[in-house]
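Structural overview for review
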Amino acid sequence: MSERKTIDARGTYCPGPLMELIANLKLIDVGDELEVLSTDKGSASDIPEWIDKVGHEMVSSTEEGGVWHIVVRKTK
Amino acid sequence: MRILIVGGGMGGTILANNLARRLKNEVRQGKAQITMLSASEQHMYQPGLLYVCVGRMMPDELYREQASLLEPEIEFHVDPVEEFHLDQNSVKTKSGKTYSYDSLVIATGSRPAAETVPGLAENSVNCYTEENALEMLRQVRDFKGGKVGIVVGVPHKCPMIPLEVTFVLHDYFKEKGIADKTEFHYTYPIGRLHSLEPVAKWAQGEFAKMGIKTKTLFNMKEVDGKGKVVHSEESETVDYDLLVSVPPHKGMEVIEKNKLGAGGFIPTDRLSLKMEGRDNVYIIGDTTNLPISKAGSTAHFEAEAVAENLAALIKLGEPVREYDGKVFCFIEAGRDRATYAMFDYNHPPAPKAPNKAVHWFKMAYNQLYWASARGLL
């Protein structure tokens, strides 16, 4: 059973949602998911770009009231 | 109320002194007790290591006796904690003693973990410990020119270090007269030169003027010391003759051993700074898992918020404020210019152009730090 951990990066600028995602991916098991909450609209494009580049999996990306919920799965 | 502070770094020290000032009467009357447990009798001003690695500060300038920084109301022991028994409200130390508490603050910090990237520890220099900074000084002093690779792991302490170490080294080689024989290759884990967008834009212009080459979306996978090349998770490479790293960091081993948080970082509420699921345990500084800068100023502002709330709990029976996410970072832009970035959960940073005045203020702060640690600034 895969687990999902949430990173609440709303209103945080440094290190920022993508860097937090990269750091937290090291701490979870292959198959587990990370959900990033971000108020930075750039996350909706830069997280998928990086995920695609390194070969993890994008699960979903949605926006609710100015907050992006981006879910990725660790694949390796 | 017995308040136990585990960790004698910047966060723990500011917290203890701030509390001691607020609770002088309560300590005297026996209504409050403040105890600090630290792993070291020395306190180091860690940002000074940036200057040690280019010979501008000596290591002994960075240390003070921890006991000399603390208010007399604080009971201080050099006796590192080995076991946390949160259900019993107690900790056990290396000496075998058990300390019980009503409120616990964990401020054990983070550590560079170069060993987590194959080949990084053996083949790069960094400015995160005294030993490493002195080794970096030896290597940059002997450097005759060639490719300087800057590689950055995540998470890392002090978000400005990747830029600062590049600027400071660039000026060092310029003064040494080998700038024309030296080629900088700066890499960064995300798609711009720094996590703060305005800082990244400013750095782009500065790097262009200095002829510094850049590669973004570069996360170290391994370092090939024989081939002198760094491979990234994104299947890119960077060649080097001198490799300067900002190693990925982990929390302290005791946090991982006690299963308080993955990677040694403890799950923390972003406003109350309480450990998730615990009402009487607070986490400050690098020890939190909060997605904010691992910086001395973060620890400082968090320590003030927790100190105010713990004092208010004793005096009023309830907390009075929340941590607002405030961070302040100086940015050294070379040998004689600097700027700063300040932001919180609701206000993005808007750094100004670097100037000499901010640089000299940073130089002054390198000494004022000791007043800050004492809770005076």
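The sections below set out a description of the structure shown in this document. (Residues numbered from 1 in each chain as written. Chains lettered and ligands numbered in written order. Predicted model: local features only at pLDDT ≥ 70, side-chain atom pairs only at ≥ 80, totals over all residues.)

Here the focus is the overall build of chain B. When helices and strands are counted, chain B shows eleven helices and 21 strands. Scaling as 2.2 N^0.38, a compact globule of 377 residues should have a C-alpha radius of gyration of about 21 Å, and chain B matches this with 21 Å. Across its three principal axes, chain B shows a C-alpha extent of roughly 65 × 40 × 40 Å. Buried positions account for 50% of the 377 residues belonging to chain B. The contacts in chain B between residues at least 6 apart in sequence include a share of 63% that link residues at least 24 apart. (Helix = DSSP H or I, 4+ residues; strand = E, 2+ residues; numbered from the N terminus. Rg over C-alpha atoms; globule rule 2.2 N^0.38 Å. Buried ≥ 20, exposed ≤ 12 C-beta atoms within 10 Å, placed from the backbone. Contact = placed C-beta atoms within 7 Å.)

Now for the nonpolar core. General note: in soluble globular proteins, nonpolar side chains tend to be found buried as a group. By size, the foremost hydrophobic cluster in this structure holds 80 residues, and its most contacted members are Leu21 of chain A together with Cys53, Cys127, Val165, Leu169 and Ile331 of chain B. Here the element with the most residues in this core is helix H7 (residues 161–176) of chain B; it accounts for eight residues. The two domains that each donate at least three residues to this core are domain 1 (2–109 + 252–327) and domain 2 (113–248) of chain B. Within the second largest apolar cluster, 53 residues are counted, among which are Val6, Leu70, Ala107 and Leu310 of chain B. (Core = buried A, V, L, I, M, F, W, Y, C linked by C-beta atoms within 7 Å. Domains from an automatic or database assignment.)

Residues and elements named next belong to chain B. Pairing is parallel across the open sheet formed by five strands, whose spatial order is S5-S2-S1-S9-S19. Both edges of this open sheet fall to strand S5 (74–78) and strand S19 (281–283), since each of them pairs with a single strand only. Along the sheet, successive strands turn relative to each other by an average axial angle of 20°, direction set aside. Summarising the sheet, strand S1 (residues 2–6) and strand S9 (residues 103–106) pair through four bridges and their orientation is parallel. Opposite isoleucine 5, over in S9, you have valine 105 as the bridge partner. Here helix H1 (residues 10–22) sits on the sheet and contacts S1, strand S2 (33–38), S5 and S9; the angle it forms with S2, its principal contact strand, is near 165°. (Pairing = 2+ DSSP bridges. Axes fitted to C-alpha atoms, helices over the stretch in contact; angles between N-to-C directions.)

So, about the pairing of strand S20 (residues 327–332) of chain B. Residue and element names in this part refer to chain B. The element S20 is extensively covered by neighbouring structure, given that five of its six residues are classed as buried. As paired strands, S20 and strand S21 (residues 338–343) are joined by six bridges and run antiparallel to one another. Its bridge partner being in S21, valine 327 is matched across the sheet by phenylalanine 343.

Many analyses report the size of an interface as the accessible area lost when the parts associate. Every contact between the two is made by 25 residues of chain B and, on the other side, 20 residues of chain A. Considering only residue class, the side of chain B that touches chain A consists of 15 nonpolar, seven polar and three charged. (Nonpolar A, V, L, I, M, F, W, Y, C, P; charged D, E, K, R; others polar.)

On to the packing of helix H1 (residues 17–25) of chain A against helix H2 (residues 43–54) of chain A. Residue and element names in this part refer to chain A. Between H1 and H2, the shortest axis-to-axis distance is 9 Å and the interhelical angle comes to 35°. Crossing geometry of H1 relative to H2 is assigned as right-handed. Each of Pro17, Leu18 and Leu21 in H1 lies in contact with H2, whose residues at this interface are Ser43, Asp46, Ile47 and Trp50. Within the contact of H1 with H2, the residues separate by chemical class into five nonpolar, one polar and one charged. (Left-handed = near helix turned anticlockwise from the far one by under 90°.)

Now for the environment of leucine 23 of chain B. Residues and elements named next belong to chain B. Of note, leucine 23 is situated in the loop between H1 and helix H2 (24–28). With 292 residues separating them along the chain, leucine 23 and lysine 315 place their C-alpha atoms 8.9 Å apart. The contacts of leucine 23, once residues within four sequence positions are left out, are Ala32, Ile34, Ala311 and Ile314.

Two modes of strand pairing occur in sheets, parallel and antiparallel, and in both the strands are linked by backbone hydrogen bonds. Residue and element names in this part refer to chain B. Strand order in the open sheet formed by four strands is S13-S12-S11-S17, and the pairing between neighbours is parallel. Each edge of the open sheet is held by one strand with a lone partner, namely strand S13 (213–215) and strand S17 (242–246). Taking each pair of neighbouring strands and ignoring which way they run, the sheet shows an average axis angle of 20°. In the sheet, strand S11 (residues 146–152) pairs with strand S12 (residues 182–187) via five bridges, with the strands oriented parallel. The residue of S12 that forms the bridge with valine 148 is phenylalanine 184. Helix-sheet contacts for H7 involve S11, S12 and S17, and the interaxial angle to S11 is about 165°.

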